[in-house]
Amino acid sequence: MKKLAIIGCGAIGAVVATAVDNGVVEAELLYLMDLDLRKAEKLASLLSTQKPTVTSNVAEIACDPRVELVVEAASQEAVLQYAKQILESGKELVVMSVGALLHPEARGLVERYWKRIHVPSGAIAGIDAIKAMTLTGVESVELVTRKHPRKLVDEPYVKNKGLRLDHLLEPVVVFEGTAEEAVSAFPRTLNVAAALTLYSRTLARVKVVADPSSELNVHEIRVKSKAGTLFVRVENVPHPDNSKTSYLAALSVVKLLQELCNG
Ligand SMILES: NC(=O)c1ccc[n+]([C@@H]2O[C@H](COP(=O)([O-])OP(=O)(O)OC[C@H]3O[C@@H](n4cnc5c(N)ncnc54)[C@H](O)[C@@H]3O)[C@@H](O)[C@H]2O)c1
């Protein structure tokens, strides 16, 4: 049975730990790590079949030869701080904070260790076709992300620009740029732009729309290649146990872990 560690004990970390605990993912959970130890302790206390060690020190995980797979569900900073040590110690790494992989400091790691880095499809679909399209060369990748203004007001980009989104009556484009720019501007919500870029090997162009009529988080993707044009629209509903995260994104990491762990 594969031995796991989870870094980040928030919404996604809890979904993953629970999936291991109830046997949906066939693995043994050896560590729960969080900067906030209380969060890791609380999550550990909710598990019944798994007895993970709680830690705030990544070296404990990286130096434990039993750990085969680490699931990062923390933040872009966590990926930039810990990925090197984890990958250099020979372990596999599932990255949720995918935006970090577009940072210049992570480029070398991606090139060197891509085979051991696993990126879930998250809140989007069509990755299988996009991967196939790279064989003929992808011409362009466009992502339009549509969210209710209330879900954008706490984003660093919106705050730094002093954008007033509270009384919008019509959809407004609040951001246009590359995926690299998007993951810095919206570090928590535009992981899909990074996943698209990594899988298509083409820097995605991204538009973020504040749409007062959109209660769901919607991602529209258009990929052009010699093999045809792909158009995908995903309307994401919140996770039933934690409205902070998208149901599909949580399911996608559990599915990926089943593929990596279940016999
Ligand atoms: N790829 C996707 O489709 C997708 C979907 C949802 C969330 N995410 C990403 O996954 C990450 C986790 O999401 P969430 O909703 O569970 O967040 P969350 O805020 O609920 O939980 C994050 C946890 O990680 C901890 N943490 C943050 N930085 C850390 C660090 N450097 N070291 C150790 N612990 C640290 C926090 O204390 C917190 O407990 C976020 O970066 C989010 O953007 C990606």
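Residues numbered from 1 in each chain as written. Predicted model: local features only at pLDDT ≥ 70, side-chain atom pairs only at ≥ 80, totals over all residues. Heavy atoms only, no water.

Colleague: In this structure, what is going on with the overall build of the protein? I would like to understand it.
Modeller: Across its full length, the protein carries ten helices and eleven strands. Taking 18 Å as the expected radius of gyration for a compact globule of 263 residues, we find that the protein reaches 18 Å, a close match to that expectation. Its C-alpha atoms give the protein principal-axis dimensions of roughly 50 × 45 × 30 Å. Out of the 263 residues in the protein, the part that is buried amounts to 53%. Restricting to contacts in the protein with at least 6 residues of sequence separation, those with at least 24 account for 69%. As presented, the protein carries roughly 12600 Å² of accessible surface, and 51% of it is formed by carbon and sulfur atoms. Computed over 31 positive and 31 negative side-chain charges, the separation of the two mean positions in the protein equals 2 Å. (Helix = DSSP H or I, 4+ residues; strand = E, 2+ residues; numbered from the N terminus. Rg over C-alpha atoms; globule rule 2.2 N^0.38 Å. Buried < 20%, exposed > 50% of the residue type's maximum accessible area, 1.4 Å probe, protein only. Contact = heavy atoms within 4.5 Å. Areas by Shrake-Rupley, 256 points an atom, 1.4 Å probe, with all protein chains shown as cover. Lys, Arg positive; Asp, Glu negative; His and termini not counted. Charge placed at Lys NZ, Arg CZ, Asp CG, Glu CD.)

Colleague: Could you clarify how one ought to interpret helix α10 (residues 247–261) in this entry?
Modeller: Each α-helix turn comprises 3.6 residues. Residues three or four places apart therefore point the same way. Taking 1.5 Å of rise per residue, the 15 residues of α10 would be expected to cover 21 Å, and the 21 Å separating its terminal C-alpha atoms lies within 8% of that figure. Among the residues making up α10, those that are buried are A249, A250, S252, V253, V254, L256, L257 and C261. (Expected span 1.5 Å × (residues − 1).)

Colleague: Looking at this structure, I do not really get the sheet that holds strand β10 (residues 217–225). What am I missing?
Modeller: Strand pairing in a sheet relies on backbone hydrogen bonds. The paired strands run either parallel or antiparallel. On the basis of which strands lie adjacent, the open sheet formed by five strands has the order β8-β9-β7-β10-β11 and mixed pairing. Only two strands of the sheet have a single partner each, and these edge strands are β8 (172–178) and β11 (228–236). Going from strand to strand, the sheet's axes swing by 15° on average, the running direction of each strand aside. Relative to strand β9 (residues 205–210), strand β7 (residues 138–147) runs parallel, the two being bridged by six bridges. Note on β9: the bridge partner recorded for T145 is V208. Against the sheet, helix α9 (residues 191–200) contacts β7, β9 and β10, and its axis sits at roughly 170° relative to β7. (Pairing = 2+ DSSP bridges. Axes fitted to C-alpha atoms, helices over the stretch in contact; angles between N-to-C directions.)

Colleague: Would you mind showing me how to read the pattern of salt bridges here?
Modeller: Should the charged atoms of two oppositely charged side chains come close, the side chains can pair. This model, assessed by the stated rule, comprises twelve salt bridges. Across the pair K84 and E88 runs a salt bridge, and its minimum N-O distance is 3.2 Å. A residue pair is termed a helical-turn pair when its members lie 3 or 4 positions apart in one helix, as K84 and E88 do in helix α4 (residues 76–88) at four residues. Between R233 and E220 there is a salt bridge whose closest N-O contact spans 2.5 Å. With a gap of 13 residues between them, R233 in strand β11 and E220 in strand β10 connect regions that are remote in the sequence. What makes R233 partly exposed here is its relative accessible area of 42%. According to the relative accessible area criterion, E220 is buried, its value standing at 17%. (Salt bridge = Lys/Arg side-chain N within 4 Å of Asp/Glu carboxyl O.)

Everything listed here is a matter of coordinates, which is why it stays silent on function.
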